[in-house]
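Listed below, chain by chain, are the residues.
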Amino acid sequence: ARLDDVQVAVVGAPNVAGEDFAAGLRDLATELLGERARFVAPRTDVPVVLRSLDVLVNASRAEPFGRTVLEGQACGVPVIGTDSGGIPEFVDDAVSGLLVPVGDDGALAGAIRRLLDDGALRARVVEGGLANADRLSVANQVERVAAVYRSVARR
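Residues numbered from 1 in each chain as written. Predicted model: local features only at pLDDT ≥ 70, side-chain atom pairs only at ≥ 80, totals over all residues. Heavy atoms only, no water.

### Observations concerning the overall build of the protein
As a reminder of what qualifies: Helix and strand assignments follow DSSP, with helices taken as H or I runs no shorter than four residues and strands as E runs no shorter than two, numbered in order from the N terminus. Only protein chains enter the calculation, and the probe is 1.4 Å; a residue is then buried if its accessible area is under 20% of its type maximum, exposed if over 50%, and partly exposed in between. The contact criterion used throughout is that any non-hydrogen atoms of two residues lie within 4.5 Å. Only the protein chains shown count as cover for residues, with accessible areas throughout obtained via the Shrake-Rupley method and a probe of 1.4 Å. All tallies of charge rest on Lys and Arg as positive and Asp and Glu as negative; His and the ends of each chain are not included. A single reference atom marks each charge: NZ on Lys, CZ on Arg, CG on Asp, CD on Glu.
Along the protein, the regular secondary structure elements total 6 helices and 5 strands. In sequence order, the protein lays out its α and β elements as β-α-β-α-β-α-β-β-α-α-α. If one aligns the C-alpha atoms of the protein with their principal axes, the spans along those axes are about 65 × 35 × 30 Å. Split into buried and exposed, the 155 residues of the protein put 28% on the buried side. In the protein, once contacts between residues fewer than 6 apart in sequence are set aside, the share between residues at least 24 apart is 51%. When the accessible surface of the protein is summed, it comes to about 9800 Å², and 55% of that surface belongs to carbon and sulfur atoms. Distance from the positive charge centre (17 side chains) to the negative charge centre (22 side chains) of the protein: 8 Å.

Structure (structure tokens):
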């Protein structure tokens with residue numbers, strides 16, 4: 001009830017769970033949210049889509065890395081992820097995004113509301129997310145690996 005003004009957009013296609021899961025999700029979202037839930041086919045203009053969001057949520061139960069979360073950070077979008085898989089390795093709670101326990105719908109709803117209602121928190125996690133995305137950029141990762149090679153080569 002506290003999220004009556006929230007609209008949900010699910011972008012992409014089922015990956016691991018399959019089409020039956022996606023159909024069930026669409027049905028449930030339509031039942032609960034009506035026209036406030038939209039399912040959008042995969043897109044190639046990912047930065048444009050991400051920048052159109054108020055909040056990016058990745059509520060995955062098992063996320064090996066969480067590239068969508070990192071992409072959201074790089075686009076200046078406040079992010080929420082679950083405390084599973086690789087996401088906690090680059091989302092520092094309340095610094096570069098928010099983390100919620102896997103499967104805790106109440107915590108997820110609360111995190112969404114916090115980011116929508118608290119402009120200072122939203123600005124802080126956007127700033128932290130941008131810094132994080134820069135730190136994890138391909139260019140910075142290449143430089144770190146090159147620095148290791150240079151260090152070893154000097155010895």
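Text resumes after the structure shown.
### With respect to the sheet that holds strand 3 (residues 56-58)
Backbone hydrogen bonds are what pair the strands of a sheet, in a parallel or an antiparallel way. Heads up, the rule is: Strands pair, by our definition, only if DSSP identifies at least two bridges between them. Here an angle of 0 to 180 degrees is reported between the N-to-C directions of two axes, which are lines fitted to C-alpha atoms, with helices fitted over the stretch in contact.
Here we have 3 strands laid out as an open sheet, ordered 3-4-5, and parallel in their pairing. Only two strands of the sheet have a single partner each, and these edge strands are strand 3 and strand 5 (98-100). Across the sheet, the axes of successive neighbouring strands diverge by a mean angle of 15°, strand direction being ignored. One ladder, built from 3 bridges, connects strand 3 with strand 4 (residues 79-82); its direction is parallel. Across the sheet, the residue bridging to Val57 is Ile80, located in strand 4. Across the sheet, helix 3 (residues 67-74) lies against strand 3 and strand 4, angled at about 165° from strand 3, the strand it touches most.

### Quick notes on the pattern of salt bridges
Test applied: Definition used for salt bridges: Asp or Glu carboxyl oxygen within 4 Å of a side-chain nitrogen of Lys or Arg.
What the rule picks out here adds up to 5 salt bridges. Notably, a salt bridge pairs Arg113 with Asp117, separated by 3.2 Å at the nearest N-O pair. Linking Arg113 with Asp117, this pair stays in helix 4 (residues 105-117), spanning 4 residues, or about one helical turn. Taking the relative accessible area as the measure of exposure, Arg113 reaches 9% and is therefore buried. With a closest N to O distance of 2.3 Å, Glu143 and Arg150 form a salt bridge.

### Considerations on the environment of Leu70
Topologically, Leu70 is positioned in helix 3. Residue Leu70 is classed as buried on the basis of its relative accessible area, which comes to 15%. When the C-alpha atoms of Leu70 and Asp105 are compared, they prove to be 22 Å apart, with 35 residues separating the residues in sequence. Discounting residues that sit within four places of it in the chain, Leu70 has contacts with Phe65, Phe90, Asn132, Ala133 and Leu136.

### Focus on a nonpolar patch on the surface
Condition: Patch construction takes residues with relative accessible area above 30% that form no salt bridge. Like charges are linked within 9 Å, and nonpolar side chains (Val, Leu, Ile, Met, Phe, Trp, Tyr) are linked within 5 Å.
A cluster of nonpolar side chains, Phe21, Leu25 and Phe39, forms an exposed patch at the surface whose accessible area comes to about 260 Å². Inspection of the secondary structure puts Phe21 in helix 1 (residues 19-33).

### Examining helix 3
One full turn of an α-helix is made of 3.6 residues, so residues set three or four places apart face in the same direction. Quick reminder of the rule: Within this analysis, the arc is defined by the directions that extend from the helix axis to the C-beta atoms.
For helix 3, the full list of buried residues reads Val69, Leu70, Gly72 and Gln73. Burial along helix 3 is one-sided: seen end-on, the buried residues are contained in an arc of 155°. Residues of helix 3 that are buried make contact with helix 2 (46-51), strand 3, strand 4 and helix 5 (119-135). Gly76 lies just past helix 3 and shows a positive phi near 75°.

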